[in-house]
Structure formats: C-alpha cells, structure tokens
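# Summary of structural features
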Amino acid sequence: MGASMAENQRMMAGGVRYWDYLPDYHRQREEILSVIDGVFGSGRLILGNRVADFEKRFAAFCNAGYGVGVNSGTDALFLALKALDVGPDHEVITVANTAVPTVAAIRATGARPVFVDVQQDTFLMDVAKIEAVLTPRTRCILPVHLCGQSVDMAPLLEIARSRGIGVVEDCAQAAGALYRGENVGSMGDMGAFSFYPTKILGAFGDGGMVTTSRDDLYRRLRRLRFYGMEGSYYAEEEGYNSRLDEVQAALLDFRLQTLESEMLARSALADAYHRGLAGVGDLTLPVVGEGYTHRYYLYTIRTGRRDRLMAHLAERGIETRINYPTPVHLMRGYAFLGYRQGALPVTERLAAEILSLPLYPSLPADDVARVIEAVRSFFEA
C-alpha cells in the first residue's frame, strides 16, 4: 500500500519524508564536489587508490581482515557465494523476510534457496529451525541481519562449523551492528554489504563490499570481480565484471568519517520513538536482543491495524514504508520453489503487520515529534 501522487506531492511540500539525502548533500555540498573533483583530476577512474583505501578502512571498521569493493550489494552476495563454490547442486538456507536480492543472488549461482521462519520479536532468522532443513546438499547458511540488528550468530556458527557449511552474512541493512561485541561481517566466512543510497553507509549511486578475514577467499574475490584475472588479459578462472568505481569509493570513504556520529543520531531518533510510542494502542516497538547493538537502519513497528495507520499518516503528509509487504516465498517469480501460504507462518503474519517510520540521521526532531503525535492520534481516536 503506497501513497498516491497527490499525497507524494504533499509530502514533498512540507511533509515528513521517509528518507531524504538532500539535507546532508546541501550541508556538505562543497566537500562532496571537492572529493569528486579530486577523483576526476587523478587520471584513474577504475580500481585505483580510492577503492583500495576505502576497502582497507571499511574492513577495519568491520574488524575484518580484508574488503573487496564490488558494484552492488547483490553482487557482494553473489560473488561471496561463488567464492565458496556454491552452484546448481547446492542449497542455501536463508529467510523469506528479506529483499528479493538475497534470493536473486542465490539463484544466480544456480543453487536453491531453502527458507526458515523468523523470530516474531526481532524479525530475524530463527536459528533453532535451521537443523530441520539441513540436507546433504546444504552448502551455505545465509543469515540476513535486518533493520540494523544482527542474527543470533553463535548457535548458527556452531551448526555451520560442525558440518563444514559456509556462512555468508547479508549485512545490507546492518553496517556497524554488533553481536556480543563482534561486528556483523566479521563472524562468518564473508560478509556482504550494500552501499545503496538509503543504507546506513550509503553511496551517491550503487556499490557493495565483501568482507572476509580468510586470505584464500580474499584472493578469489578479487579475481571473481575482475573477469577471473589476477593480471592483465589473462583469466585464471571464469569471472565477472563487478567493480566499485573510484568516485563512489571516494565518496563512501568521505562518508565513513562521520558514520559513528550518524549511527549515534539514528539511536537518538529511535530512543525518541521509543519514549513517545511506548504503551500506545496495540503497537509493538523494535526489540533489541541482550548483548546486541542495534543501528536502526529501520524503525519498524507492528500493529494489527497497519493499513489504516499507514493511510492515517499519509493523510497527514507522513511517508512510511512496508519492508516487506510480500515475503519472497509467496512471490510469483519464486513460485517454482514450491512454497505455499502457511509455510512460514511468522514471516507471513509479520508481512501483514509491520510498518517502518521515517528515520535517517538528519531527520529533524520536530518531524519525529510530528510522527509520534500522528501515530498517537490514530490510536486515541
């Protein structure tokens, strides 16, 4: 359910946007243009020093040994799976409460995605359900760190390591999140990050990164992203074209400098929502697991009156989103996998109840107060 054209125009003209990069762009415009000019004047536009420097700094931010810049978060997942030799004879365990790219990346290898349900309070993979779907064809487990919070990784890693199964973390929504003090992207064999503009660390375009601390996977990922080559014009193996470009790398490196303060801003906004919406109607607010550090990529609430609340907010010029209205296992494009309604009951119930409120680092406090008042007015009425 989305806003009409008229509602979108109203949101643009004084409404509360769900996400907006323009305030930050206008505030940092001269610095951003200077970064771009520096790349254009360097004489190197592809796989130069900017990419190499950003790879090192982002890997250090994630407490991983290496980073390999690629052209999207989807390719980060795909190349990570290929580096583990995932292919048509294999199965990859993941969740359906995710964006299509998670499943598309698995299918691009030829492997079959196998879904497990999620936890009702955190929306994250229910690790206790993994063992029931393991088969001799299981090659990899792909946990999705959602909304800014990590999956329960300790039991997942125990399952994987005891059986020699690979682990690729989907970190697209959770850069900077911690699990018992460990960074997402540093716990599995590899972590796959997206730098799509809306992300916790977003580019001014597209981009992605694979992190790993394994030397062998690092070397292979570098080949796979560049046609299988290690030098010029000689392929060691079949590869692909998936390179983070110098402009986006330089801009991401620039934005990485302020990421800690932006994550603190996200937490402050989430705290304001927590205080303002506690005990309101049948709302369920985000739950943070003990020992977890949530980075609030999304502030997602639940209510049995989700669609009416969304319409109520849209009428007041407040833009919201549903992440995700249809679980992947019920989409027509993946009907061939054989899942039916009722296969993943928690995932399906959440899809009918979840709603994400506006949250990004430069969202004005007055806008948060306006959202809180509008939500409260809906339930008080």
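Residues numbered from 1 in each chain as written. Predicted model: local features only at pLDDT ≥ 70, side-chain atom pairs only at ≥ 80, totals over all residues. Heavy atoms only, no water.

## Quick look at the overall build of the chain
The helix and strand tally for the chain stands at 13 helices and 12 strands. Relative to the globule expectation of 21 Å for 381 residues, the C-alpha radius of gyration of the chain, 21 Å, shows essentially globular dimensions. In terms of its C-alpha atoms, the chain occupies a principal-axis envelope of roughly 65 × 55 × 40 Å. Of all 381 residues assigned to the chain, the portion counted as buried reaches 56%. When contacts within the chain are restricted to residue pairs at least 6 apart in sequence, those whose partners lie at least 24 apart make up 71%. As presented, the chain carries roughly 16,300 Å² of accessible surface, and 49% of it is formed by carbon and sulfur atoms. With 40 positive and 46 negative side-chain charges, the chain shows a spacing of 3 Å between the two charge centroids. (Helix = DSSP H or I, 4+ residues; strand = E, 2+ residues; numbered from the N terminus. Rg over C-alpha atoms; globule rule 2.2 N^0.38 Å. Buried < 20%, exposed > 50% of the residue type's maximum accessible area, 1.4 Å probe, protein only. Contact = heavy atoms within 4.5 Å. Areas by Shrake-Rupley, 256 points an atom, 1.4 Å probe, with all protein chains shown as cover. Lys, Arg positive; Asp, Glu negative; His and termini not counted. Charge placed at Lys NZ, Arg CZ, Asp CG, Glu CD.)

## As for the sheet that holds strand E4 (residues 138-141)
Hydrogen bonds between backbone atoms are what pair the strands of a sheet, whose relative direction is either parallel or antiparallel. Taken in spatial order, the 7 strands of this open sheet run E1-E9-E8-E5-E4-E2-E3, and their pairing is mixed. Each end of this open sheet is capped by a strand with a single partner; those strands are strand E1 (66-70) and strand E3 (112-116). Averaged over all pairs of adjacent strands, the angle between their axes in this sheet comes to 30 degrees, without regard to strand direction. In this sheet, E3 lies alongside strand E2 (residues 91-95) in parallel orientation, the contact comprising 5 bridges. Considered in E3, the bridge of Glu-91 is made with Arg-112. Contacting E1, strand E8 (190-194) and strand E9 (208-212), helix H4 (residues 49-61) crosses the sheet at an angle of about 125 degrees to E1. Sheet contacts for helix H8 (residues 215-224): E1, E8 and E9; angle to E1, the most-contacted strand, approximately 20 degrees. (Pairing = 2+ DSSP bridges. Axes fitted to C-alpha atoms, helices over the stretch in contact; angles between N-to-C directions.)

## Looking at the nonpolar core
In this structure, Phe-54, Phe-58 and Tyr-273 are the most contacted members of the largest nonpolar core, which totals 117 residues. Apart from residues no more than four positions distant in its own chain, Phe-54 is found in contact with Phe-195, Leu-201, Met-209, Leu-244, Ala-249, Leu-252, Asp-253 and Leu-256. With 7 residues, the next largest nonpolar core counts Val-35, Val-39, Leu-251 and Phe-254 among its residues. (Core = buried A, V, L, I, M, F, W, Y, C linked by side-chain atoms within 4.5 Å.)

## A closer look at the pattern of salt bridges
Any two side chains of opposite charge can pair, on the condition that their charged atoms come close. Inspection of every chain in the model, using the stated rule, returns 19 salt bridges. Residues Glu-131 and Arg-163 are paired through a salt bridge, measuring 2.7 Å at the closest nitrogen-oxygen approach. With Glu-131 in the loop between E3 and E4 and Arg-163 in helix H7 (residues 153-163), the pair connects residues that are 32 residues apart, well separated along the chain. Of the residues examined, Glu-131 reaches a relative accessible area of 46% and is grouped as partly exposed. Judged by its relative accessible area of 42%, Arg-163 is partly exposed. (Salt bridge = Lys/Arg side-chain N within 4 Å of Asp/Glu carboxyl O.)

## Quick notes on the state of the cysteines
In protein structure, a disulfide is the covalent linkage between the sulfur atoms of two cysteines. For the structure on display, the rule yields 0 disulfides. Cys-171 supplies the cysteine sulfur nearest to Cys-62, a cysteine that is in no disulfide, at a spacing of 7.2 Å. Cys-147 carries a free sulfur, and the closest cysteine sulfur to it, the one in Cys-171, is 14 Å from it. On the basis of relative accessibility, which here comes to 7%, the residue Cys-147 falls in the buried class. (Disulfide = S-S within 2.5 Å.)

## Comments concerning the confidence of the model for the chain
Parts of the model with low pLDDT should not have their predicted coordinates read in detail. Looking at the chain, pLDDT values average 96 and 97% of them are 70 or higher. Here residues 1-12 is a poorly scored stretch, pLDDT under 50, and it has 20 contacts once near neighbours within four places are set aside; other chains count. (pLDDT = per-residue confidence, 0-100.)

## Let's talk about the packing of H4 against helix H9 (residues 246-256)
Contact pair H4 / H9: the axes reach a minimum separation of 8 Å and the direction vectors enclose 40 degrees. The element H4 and its partner H9 pack so that their crossing is left-handed. Side by side, H4 and H9 meet where Asn-49, Arg-50, Val-51, Asp-53, Phe-54, Arg-57, Phe-58 and Phe-61 of the first sit next to Glu-246, Ala-249, Ala-250, Leu-252, Asp-253 and Leu-256 of the second. Residue composition of the contact of H4 with H9, by class: 8 nonpolar, 1 polar and 5 charged. (Left-handed = near helix turned anticlockwise from the far one by under 90°. Nonpolar A, V, L, I, M, F, W, Y, C, P; charged D, E, K, R; others polar.)

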